[in-house]
Amino acid sequence: MSDDAQVRCAWCGSDALYRAYHDQEWGVPNRDERHLFEMLTLEGAQAGLSWLTILRKREGYRQAFAGFDPSTVARFDAARVAALLADPGIVRNRLKVESTVSNAQAVLALHERGRTLSELLWDFVDGVPRHNTWASLAEVPAKTPESDRMSRELKRLGFRFVGSTICYALMQAVGMVNDHTIDCFRHPLLSASGTR
């Protein structure tokens, strides 16, 4: 139990930024294109790092990547990438930075085919959030058959840094699945619409 008497998922600890993300955003269904592109980027950036590290750099990412507007990011050239690799506000990993640009291009290619990133991602849960009933963090999977399929499809469409574990973290973050443990105060709030 935390010092404010709320029971939370064990992973969010006592850091105020982490708690705010857990309490207000994680697991809340979101279909906004920019937000989905942002979370896809941040989940990929997190690979090998802690999520708290990424949260602390989130505003830096928003500034560096034009508020996650795919049409702007898709036009970033080699000089812009080089500048980003000198930006302490983000994770300065060339592959991760370049993947954000190529992923923006993949989003635009989707749009040209008449699809949205939102439609693509949410199709893997048939457009309806899944509400799980995990008793502890140890029960929560790192990936699922749905995230495996999402990973394969995103890779086929030219996306990078989209392994199954990253895809499942994205699904959790944007509310495609409710993976708050059942003792967490957020679980019943998000599952009020019914369990699937």
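Residues numbered from 1 in each chain as written. Predicted model: local features only at pLDDT ≥ 70, side-chain atom pairs only at ≥ 80, totals over all residues. Heavy atoms only, no water.

Caption draft 1: Representation of the packing of aromatic side chains. Under the criterion given, the structure shown has seven aromatic pairs. On the numbers, 5.8 Å between centres and 20° between planes, the contact of Tyr-61 with Phe-65 is stacked. Judged by relative accessible area, Phe-65 falls into the buried class, the value being 1%. Here the aromatic cluster, defined as three or more aromatic residues joined through ring pairs, consists of Phe-37, Tyr-61, Phe-65, Phe-68 and Phe-76. Across the ring face of Trp-122, the terminal group of Arg-31 is positioned such that the distance to the ring centre comes to 3.8 Å. Seen from the ring of Phe-76, Arg-80 lies directly overhead, with NZ or CZ sitting 4.0 Å from the centre. (Phe/Tyr/Trp six-rings, centres within 6.5 Å; stacked < 30°, edge-to-face > 60°. Buried < 20%, exposed > 50% of the residue type's maximum accessible area, 1.4 Å probe, protein only. Lys NZ or Arg CZ within 6 Å of the ring centre and 35° of its normal.)

Caption draft 2: Spotlight on the pattern of salt bridges. Tallied over the full model, the rule gives eleven salt bridges. As a salt-bridge pair, Glu-98 and Arg-94 come within 3.3 Å of each other at their nearest N and O atoms. Linking Glu-98 with Arg-94, this pair stays in helix 7 (residues 94-112), spanning four residues, or about one helical turn. Glu-98 sits in the partly exposed class, given a relative accessible area of 28%. For Glu-153, the salt bridge goes to Arg-156, with nearest N and O atoms at 2.8 Å. With Glu-153 and Arg-156 both in helix 9 (residues 145-156) and three residues apart, the pair spans about one turn of that helix. Accessibility expressed as a relative area gives 59% for Arg-156, which makes it exposed. Residues joined by salt bridges that share partners form a network here, namely Glu-25, Glu-38, Arg-58, Glu-59 and Arg-62. (Salt bridge = Lys/Arg side-chain N within 4 Å of Asp/Glu carboxyl O. Helix = DSSP H or I, 4+ residues; strand = E, 2+ residues; numbered from the N terminus.)

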